[in-house]
Amino acid sequence: MVDGTTVLVVGALCLLVGVALGLLVRRGRRPVLPPPTEPAPDLDPGTAAVLEVLRSAVVVVDTEGRVVRASGAAHAFGLVRDDRVVHGPVRRLLAEVSADGEIRDTEIELPRGPVGTGTVTLQVRVAPLGTSHQLLLADDRTEARRVEAIRRDFVVNVSHELKTPVGALSLLAETVEEAADDPEAVRRFARRIQTEATRLSALVHEILELSRLQVSDALGAAAPVDVGAVLAEAVDRARTPAVSRHIEIDVGPVPDAAVFGDHDLLVTAVRNLLDNAVAYSDEGTRVAVATTLRPAAGLLEIAVVDQGIGIPLEEQPRLFERFYRVDPARSRDTGGTGLGLSIVKHVAADHGGDVGVWSQPGRGSTFTIRLPLAGRHRTAPVPVEATEPAEAAEPAETTAPTATSVSAVASTPHRPAAPAEGADR
């Protein structure tokens, strides 16, 4: 007979064996999981070195769409955020290239950021990079598209500006023919014809001048140019319209300094600023011309200060664009071509300098040309003989004129100015 203890031991062993077999069966029924996918290998050093020297914005993504490498420009354009390509059109390009291996090249306009209305135009090229990566190159075409739009506007504006005086001349000629028996009418219309012919001549001249300035080597063989001689000639040329409006042009002390460049172009630039200052100033007021040396920076500053109607802040960034006018109707009345300030900008740039503006409505404007000095200079002031010397007028910075910078013009009270002929604002 088997005792009770033996039965219990055998039962316990059977239970343990049953549990073990059950666990083995359940384990055998579990699905076999595939091994984890290895991430795409990083770029080899040679490829990474080549990408570093590219001027384009660079983004490299793996087969899962994860950004492996992105340049600073790519982040600046907002292409990449949190290791992912942000914009849907760009992601679709990457997906298409991943599907068929064909290179894609297109131009895309994207928002500059998550908020606001600003956009950036990018030329995007996507191509396979080996078997596990894709390369995205992006070039900013925003400025190029803006320039193209300006060029189109330029052609349209030139056509319009030429059409106006030509049409007026044709109409006046017909009127003169019909009034042949009225000498007084003939004289009146002849003066109008002369005015329109002068306007047409000025427009053609400034278009040719601007075209010459936009060639690659507008200065040719640059030579030292005496600043005093430039200011004297510019002031002398601007004197006639100033006298007709009873406006004084006051010139402060001019240092005996020189800049490298073209004498005639510099005279044109300063003359354009003076013409604008006279045209937009009240009769009986003053226009100040001030010159300052910045030896530490190697610069010379020429500032033209007026007491004119001023320019709203929102209009100032576009002042130097071709044919741009703050008030088109007023500029047509004054006979301005809209090219004067653009010519000033190009002349300054061709001489290695720049031009800036400070202005407030009702307080006048200050235009400042900055040019690099040529060699050594004497500090003793040399008066400009083209006009009567006035109180020493310090130049106005383009940020804001100081009290001393406009001392030569601040004594005349303000009233709304009516622009004269030849104004470009």
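Presented here is an overview of the structure given in this document. The shown structure was predicted, so the numbers you read here are calculated from the model rather than taken from an experiment.

Calculation notes
Residues numbered from 1 in each chain as written. Predicted model: local features only at pLDDT ≥ 70, side-chain atom pairs only at ≥ 80, totals over all residues. Heavy atoms only, no water. Axes fitted to C-alpha atoms, helices over the stretch in contact; angles between N-to-C directions. Helix = DSSP H or I, 4+ residues; strand = E, 2+ residues; numbered from the N terminus. Left-handed = near helix turned anticlockwise from the far one by under 90°. Contact = heavy atoms within 4.5 Å. Nonpolar A, V, L, I, M, F, W, Y, C, P; charged D, E, K, R; others polar. Salt bridge = Lys/Arg side-chain N within 4 Å of Asp/Glu carboxyl O. Buried < 20%, exposed > 50% of the residue type's maximum accessible area, 1.4 Å probe, protein only. Pairing = 2+ DSSP bridges. Polar contact = N/O pair within 3.5 Å; in protein donor to acceptor, adjacent residues only side chain to side chain. Core = buried A, V, L, I, M, F, W, Y, C linked by side-chain atoms within 4.5 Å. 1 Å grid on protein atoms, 1.4 Å probe; cavity = no way out; pocket = protein on both sides within 12 Å on 5 of 7 lines; lining within 4 Å. Points joined across faces, edges and corners; volume = space filled by probe spheres on them.

### Observations regarding the packing of helix H7 (residues 227–244) against helix H8 (residues 263–279)
The geometry of a pair of packed helices is captured by two quantities: the angle between their axes and the separation between those axes.
Phase 1 of the analysis: Remark: H7 packs on H8, axes separated minimally by 8 Å, with the N-to-C direction vectors making an angle of 35°. The handedness of the crossing between H7 and H8 comes out as right-handed. Two secondary-structure elements touch here, H7 through Ala229, Val230, Leu231, Glu233, Ala234, Val235, Arg237, Ala238, Pro241 and Ala242 and H8 through His263, Leu266, Val267, Val270, Arg271, Leu274, Asp275 and Val278.
Phase 2 of the analysis: Grouping the constituent residues of the contact of H7 with H8 by class yields 13 nonpolar, one polar and four charged.

### Some details on the pattern of salt bridges
Phase 1 of the analysis: Evaluated as defined, the whole model comprises 15 salt bridges.
Phase 2 of the analysis: The residue Arg145 makes a salt bridge to Glu107 at a minimum N-O spacing of 2.6 Å. Residue Arg145 is located in helix H5 (residues 142–178), and its partner Glu107 is located in strand E5 (residues 104–111); the two are separated by 38 residues in the primary sequence.
Phase 3 of the analysis: Note on Arg145: relative accessible area 26%, which makes it partly exposed.
Phase 4 of the analysis: Classification of Glu107 by relative accessible area gives partly exposed; the value is 34%.
Phase 5 of the analysis: Salt bridges here are not isolated pairs; linked through shared partners, they connect Glu96, Asp100 and Arg104.

### Notes on helix H10 (residues 340–350)
Phase 1 of the analysis: Burial analysis of H10 places eight of its eleven residues in the buried class, the great majority of the element.
Phase 2 of the analysis: Every buried residue of H10 is listed here: Gly340, Leu341, Ser342, Ile343, Val344, His346, Val347 and Ala348.
Phase 3 of the analysis: Looking at the residues trailing H10, positive phi occurs at Gly352, about 80°.

### Some remarks on the sheet that holds strand E13 (residues 299–305)
Phase 1 of the analysis: Within the open sheet, the five strands sit side by side as E9-E12-E13-E15-E14. Their pairing is mixed. If you trace the sheet from one side to the other, it starts and ends with strand E9 (248–251) and strand E14 (354–360), each paired once. In this sheet, neighbouring strand axes are inclined to one another by 15° on average, regardless of whether the strands run parallel or antiparallel.
Phase 2 of the analysis: Docked against the sheet, H7 engages E9, strand E12 (286–294) and E13, running at close to 170° with respect to E9.
Phase 3 of the analysis: Set on the sheet, H8 makes contact with E9, E12, E13 and strand E15 (364–372); between it and E15 the angle comes to about 170°.

### Topic: the side chain of Asp275
Phase 1 of the analysis: Here Asp275 is to be found in helix H8.
Phase 2 of the analysis: Residue Asp275 is classed as buried on the basis of its relative accessible area of 16%.
Phase 3 of the analysis: Among the polar contacts listed, one links the side chain of Asp275 to the side chain of Arg271, at a separation of 2.7 Å.
Phase 4 of the analysis: Setting aside residues no more than four positions away along its own chain, Asp275 makes contact with Ala238 and Pro241.

### Remarks on the nonpolar core
Phase 1 of the analysis: Counting residues in hydrophobic clusters, the biggest one holds 43 residues, and the most contacted among them are Ile249, Val270, Leu274, Phe367 and Ile369.
Phase 2 of the analysis: Those elements that place two or more of their residues in this core are H7, E9, H8, E12, E13, H10, E14 and E15.
Phase 3 of the analysis: At nine residues, H8 tops the list of elements feeding residues into this core.
Phase 4 of the analysis: The next biggest cluster of nonpolar side chains, apart from the first, holds 21 residues, and it includes Val59, Ala74, Ile108 and Leu110.

### Focus: the pairing of E15
In the case of a regular strand, side chains alternate between the two sheet surfaces.
Phase 1 of the analysis: Within E15, seven of the nine residues are buried, which leaves the element mostly enclosed by the surrounding structure.
Phase 2 of the analysis: Where E13 meets E15, seven bridges bridge the pair, whose relative direction is antiparallel. Bridge pairing links Glu301 to Arg370 in E15.
Phase 3 of the analysis: Pairing of E14 with E15 involves seven bridges; the strand directions are antiparallel. Pairing of Asp354 across the sheet is with Arg370, part of E15.

### Some points on empty space enclosed by the protein
Phase 1 of the analysis: Applying the stated rule across the entire model yields two cavities of 30 Å³ or more.
Phase 2 of the analysis: If you add up the space inside the largest cavity, you get close to 70 Å³.
Phase 3 of the analysis: Looking at the largest cavity, the residues that line it are Val227, Val230, Val259, Leu266, Ala269, Val270, Ile302, Ile369 and Leu371.
Phase 4 of the analysis: At the level of secondary structure, the elements contributing two or more residues to the lining of the largest cavity comprise H7, H8 and E15.

Purely spatial values, then, with no claim about function.
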